[in-house]
Amino acid sequence: MQHEYNIQVPPETAGNQEALKQFVSKHAEISLHEISHIRILKRSIDARQKAIKVNLRVLVFVQEDFKEQKPSLPNYRNVTGAEEVIIIGAGPAGLFAALRCIELGKKPIVLERGKDVRARRRDLKKLNIEHIVNEDSNYCFGEGGAGTYSDGKLYTRSKKRGDVNRILELFVAFGATDQILVEAHPHIGTNKLPGIIQEMTKTILDNGGEVLFESRVVDIEVRNNEVAGVALATGTKIPAKKLILATGHSARDIFELLHKKDILIEAKSFALGVRIEHPQVLIDKIQYNRKDRGEFLPPSAYSLVKQVEGRGVYSFCMCPGGIIAPCATSPGEIVTNGWSPSRRDQPTANSGIVVEVRPEDYKIFGNSPLAALNFQKQVEQKAWLEGGKTQTAPAQRMVDFSNGKLSADLPESSYKPGIASVELGSILPEFIYRTLQKGFQEFGKSMRGYYTNEAVVHATESRTSSPVRIPRDRETLEHVQIKGLYPCGEGAGYAGGIVSAAIDGEKCAEKAVGAMKN
Ligand code: FAD
């Protein structure tokens, strides 16, 4: 027999099978020796009470043996020689699109400007140590896209649980821990993601698909409003009838190409700000309301949102026990983001703190669909200039930032290329600067201790979502003007993270393959 219960237990009980059995035995009045196993279905932490509790949904096996069941891969077919779908970009959207094509019997050819995960790692080292930005191989570009060296948080605002679970189960089948199916806020970690991505690529290749690295697409050929092919920077031309465009939000050359070719794109609101770093012990103390978190609680996260003078300011992509990464995709700009290892065991907690940017804010760049992109670019370039024209990030202590005062010194930062003391008002647009100055003080009221000079503000956090939308038909998912072109994932404006990009990749593949049958 199996019974499901919702229980609340102390943190030390939550991860201990024997202690859990004893708890459930008492709670459900089942004799202890009859319980063969307790499987955790869902787990979340409730830190609102003085004595922190863990909420669990558990499946209790009574007088019945428990058999471990892990999600398995779908029945992929061998697609050698099948009709082709061309996919630009090997990020989560592109890879999940490719895998879905294989499931549906079509051959994906993935064109990726960057390198495979191993070669890419060498370029990340050069970026962190020598400040050299490779425009095709960096934290955003390469095998797995921006998702590979990311934090690997797998939560999404998508309302469709079925779609989300399918993606999480596929991640497990490709090697992620099955704990991501249980946690309220699942996370993989930068140390584990590359191996999982390599498994996905291998599966595509083993089943007759192709993944071509160092293959930057520089042109999309259109004939009679229909996709005809693509051209690579190497000069190679590849014919294409179905083209999934999943190039991410940092592929500015793709947005510029579409605009130049009169293929409709639109400027879109996004958010821009800074990345903040606190000592993790301080965040734990605030969130758990105790001196230290002890051995049973994970490093604490936080999520903050306020309205300041009618404008939203909020935390974005918070990484407990994490590192701030240099995420520029061109020389001459500073872009930050964050990652963490699976154990989240670094001494610092970082988060983007961003302010909403509306159409009226970027109208100084005219009515061009690239106006929001140019606004974003200008701030990133100013940060580079003020930071000393390297990947060194301009930074300021938090209270100094709010008081408009240059910091006399700075604590150590996890941002490897280094930080330089700069008054960030000289970089950020006035409305963003003002909103953040007040926003930090407001955050300090919700999380006492958050507003502190122990925290360091790094400029800039600018690649939160795409500043451009590539419009598509709601039903067919094809570009509104060009048949056979499927704008996909975060860059096209249809996703905001790994899971939603993967879901969108699958959807575009289904539509592209579905249209081939007709
Ligand atoms: P991308 O992942 O951006 O992939 C696009 C791919 O297209 C890239 O590989 C690029 O090289 C390729 N490409 C671009 N132009 C061309 C061209 N012309 N020719 C050929 N190929 C091209 N999201 C989360 O959900 N959770 C997190 O914890 C998280 N942490 C992050 C941490 C960091 C450091 C970064 C950078 C991002 C993080 N994100 C996180 C965001 C997440 O990675 C993206 O939302 C997601 O990867 C978007 O997927 P995508 O496939 O749409 O685009």
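You'll find the structure just up there.
Calculation criteria
- Note that residues are indexed from 1 along each chain, following the sequence as it is written.
- pLDDT decides what is reported in this predicted model: residues at 70 or higher carry local features, side-chain atom pairs at 80 or more are listed and counted, and totals for whole chains, interfaces and linings draw on all residues regardless.
- Side-chain metrics rest on all non-hydrogen atoms present in the structure, leaving aside hydrogens and water.
- In DSSP terms, a helix is any run of H or I states spanning at least four residues, a strand is any run of E spanning at least two, and both are numbered starting from the N terminus.
- Between buried and exposed lies partly exposed: a residue is buried under 20% and exposed over 50% of the maximum accessible area for its type, with that area taken using a 1.4 Å probe on protein chains only.
- Residue contacts are counted whenever heavy atoms from the two residues lie within 4.5 Å of one another.
- A positive count includes Lys and Arg, and a negative count includes Asp and Glu. His and the chain ends are not counted in either.
- By convention, the point assigned to a charge is CZ for Arg, NZ for Lys, CD for Glu and CG for Asp.
- For each residue, the test is whether any non-hydrogen atom lies within 4 Å of the molecule or strand; if one does, the residue is near.
- Under the rule applied, a polar contact is a pair of N or O atoms within 3.5 Å (in protein, one hydrogen donor and one hydrogen acceptor; residues adjacent in sequence only if both atoms are side-chain atoms).
- Computed with a 1.4 Å probe, the accessible areas rest on the Shrake-Rupley method; for each residue, only the protein chains presented here act as cover.
- Only Asp, Glu, Lys and Arg are considered charged in this grouping, and only Ala, Val, Leu, Ile, Met, Phe, Trp, Tyr, Cys and Pro are considered nonpolar; every other residue, Gly among them, is considered polar.
- Domain ranges listed in this record stem from an automatic or a database domain assignment.
- One bridge is not enough; two strands pair if DSSP finds at least two bridges between them.
- Lines fitted to the C-alpha atoms define the axes, with helices restricted to the stretch that makes contact. Angles between their N-to-C directions range from 0 to 180 degrees.
- Patches here: salt-bridge-free residues with over 30% relative accessible area, like charges joined within 9 Å, nonpolar side chains (Val, Leu, Ile, Met, Phe, Trp, Tyr) joined within 5 Å.
- Salt bridge, as used here: a side-chain nitrogen of Lys or Arg that lies within 4 Å of a carboxyl oxygen of Asp or Glu.

Draft legend 1. Fine view of the overall build of the chain. Regarding its fold elements, the chain presents twelve helices and 22 strands. Its C-alpha atoms give the chain principal-axis dimensions of about 75 × 60 × 40 Å. Scored against the burial criterion, the 518 residues of the chain give a buried share of 56%. For the chain, contacts bridging at least 24 residues in sequence account for 71% of all contacts bridging at least 6. Computed over 69 positive and 62 negative side-chain charges, the inter-centroid distance for the chain is 1 Å.

Draft legend 2. Just the site of the ligand, in detail. In the region of the ligand, 37 residues are neighbours, and Glu112, Ala146, Lys153, Glu490 and Ile498 sit closest. Between the ligand and the protein, one listed contact pairs an oxygen atom with a backbone N or O atom of Pro92 at 3.2 Å. The contact in question runs from a nitrogen atom of the ligand to an N or O atom on the backbone of Val217, over 3.0 Å. Here the ligand loses 95% of its free accessible area of 1,000 Å² to cover by the protein chains. Of all elements in the fold, only α3 (92-103), β16 (336-339) and α12 (498-517) reach the threshold of two or more residues within the shell around the ligand. Looking at the shell around the ligand, its residues break down into 17 nonpolar, 14 polar and six charged. Counting contributing residues, the shell around the ligand receives three or more from each of domain 2 (84-265 + 467-517) and domain 3 (269-461).

Draft legend 3. View of the sheet that holds strand β9 (residues 237-239). Read across the sheet, three strands follow the order β7-β8-β9 without closing on themselves; strand pairing throughout is antiparallel. Because the sheet does not close on itself, it has two edges, and the strands there are β7 (217-223) and β9. Across the sheet, the axes of successive neighbouring strands diverge by a mean angle of 25°, strand direction being ignored. As paired strands, strand β8 (residues 226-232) and β9 are joined by three bridges and run antiparallel to one another. Within β9, the position partnered with Ala231 by the bridge is Lys237.

Draft legend 4. Examining a positive patch on the surface more closely. A surface patch of like charges, here positive, comprises Arg118, Arg121, Arg122 and Lys126. With respect to the element layout, Lys126 can be found in helix α4 (residues 117-130). Residue classification places Lys126 among the partly exposed positions, given a relative accessible area of 39%.

Draft legend 5. Region of interest: the pairing of strand β3 (residues 53-62). Of all ten residues making up β3, seven are buried, and the element is well covered by its neighbours. In this sheet, β3 lies alongside strand β1 (residues 2-9) in antiparallel orientation, the contact comprising eight bridges. Note on β3: the bridge partner recorded for Gln2 is Phe61. The pairing of strand β2 (residues 35-46) with β3 spans ten bridges and is antiparallel. Considered in β3, the bridge of Ile38 is made with Val60. In sequence, β2 turns back onto β3 through a hairpin of six residues.

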